[in-house]
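If you want the building blocks of each chain, they are given just below.
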Amino acid sequence: MVRNKISAIRSWMKKMGFELIKSHLVNNKATKINYYSLGNFGIYEEISKGIEGGEKNASEKLRFISWTPWGIEFEVNSVNDLSEAYQDSINYNPEVIFG
């Protein structure tokens, strides 16, 4: 993902009030996952260090994953994607208070 999109997504999450609720390492510490929440809406950030075939390289992959209220996960590629997912979640379950 392009750095300016990553920055925009992180900025939007901070502005909206998302909180880091959990973080852990997987795949022999090659991948870090940060879980963020705003009320009952969640997204996670997956940071994969560049390890291919047991060899480290300089690249690092980062992606954001969210899920619909009905349990379908999808990759978030822009602030617009994340904003739409958040709004869909509110529309799907309006009695849930976020924030």
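A few points on the structure. (Residues numbered from 1 in each chain as written. Predicted model: local features only at pLDDT ≥ 70, side-chain atom pairs only at ≥ 80, totals over all residues. Heavy atoms only, no water.)

**Here we look at the packing of aromatic side chains**
What describes a pair of aromatic rings is the distance from one ring centre to the other and the angle between the planes of the rings. Worth spelling out the cut-off: Aromatic rings from Phe, Tyr and Trp, with only the six-membered ring used for Trp, were paired whenever their centres fell within 6.5 Å, and each pair was classed as stacked if the ring planes differed by under 30 degrees, edge-to-face if by over 60, and tilted otherwise. For every residue, the accessible area (1.4 Å probe, protein chains only) is compared with the maximum for its type, and the residue is labelled buried under 20%, exposed over 50%, or partly exposed between those bounds. Here a helix means four or more residues in a row that DSSP labels H or I, a strand means two or more in a row labelled E, and each is numbered from the N terminus.
Tallied over the full model, the rule gives five aromatic pairs. Between Trp 12 and Phe 18, the aromatic rings sit 6.0 Å apart at their centres with planes inclined by 45°, giving tilted as the arrangement. With a relative accessible area of 10%, Phe 18 lands in the buried category. Seen in terms of ring centroids, Phe 18 and Phe 41 are 6.0 Å apart; in terms of plane orientation they differ by 70°. Their pairing is edge-to-face. Of the two residues, Phe 18 sits in the loop between α1 (3-16) and β1 (19-26) while Phe 41 sits in strand β3 (residues 41-52), which places them 23 residues apart along the sequence. Just as Phe 18 is buried, Phe 41 falls in that class too. Joined through ring pairs, the aromatic side chains of Trp 12, Phe 18, Phe 41 and Tyr 86 make up one cluster.

**A few points about helix α2 (residues 79-92)**
Residues lying three or four places apart along an α-helix face the same way, a consequence of the helix completing one turn every 3.6 residues. Here is the rule: An expected span of 1.5 Å times one less than the residue number is assigned to each helix. Each C-beta atom gives one direction from the helix axis, and the arc is the one those directions make.
Between its first and last C-alpha atoms α2 spans 20 Å; for 14 residues at 1.5 Å apiece the expected length is 20 Å, and the two agree. For α2, the set of buried residues is Leu 82, Ala 85, Tyr 86 and Ser 89. Projected onto a plane normal to the axis of α2, the buried residues spread over an arc of 95° and lie on a single side.

**Some thoughts on unusual backbone geometry**
Within the chain, Asn 27 stands out as a residue other than glycine whose phi angle is a positive 55°. Position of Asn 27 relative to the elements: it lies in the loop between β1 and β2 (31-38). The backbone of Asn 28 shows a phi angle near 55°, a positive value even though the residue is not glycine. The topology assignment puts Asn 28 in the loop between β1 and β2.

**Regarding the pairing of β2**
Spelled out, the test is: Only strands that DSSP links by at least two bridges are regarded as paired with each other.
Summarising burial for β2: six of the eight residues are buried, a large majority. Where β1 and β2 come together, seven bridges link them in antiparallel fashion. Pairing of Leu 25 across the sheet is with Lys 32, part of β2. Connecting the antiparallel pair β1 and β2 is a turn made up of four residues, with Asn 27 showing a positive phi of about 55°.

**A look at the pattern of salt bridges**
Going by this rule: Each salt bridge in this description consists of a side-chain nitrogen of Lys or Arg and a carboxyl oxygen of Asp or Glu lying within 4 Å of one another.
This structure, assessed with the given rule, holds three salt bridges. Here Glu 45 ties to Arg 10 by a salt bridge, and the two come within 2.6 Å at their closest N and O atoms. Here Glu 45 is found in strand β3, whereas its partner Arg 10 is found in helix α1, with 35 residues between them in sequence. Three or more residues are tied together by salt bridges with common partners; here these are Glu 46, Arg 63 and Glu 75.

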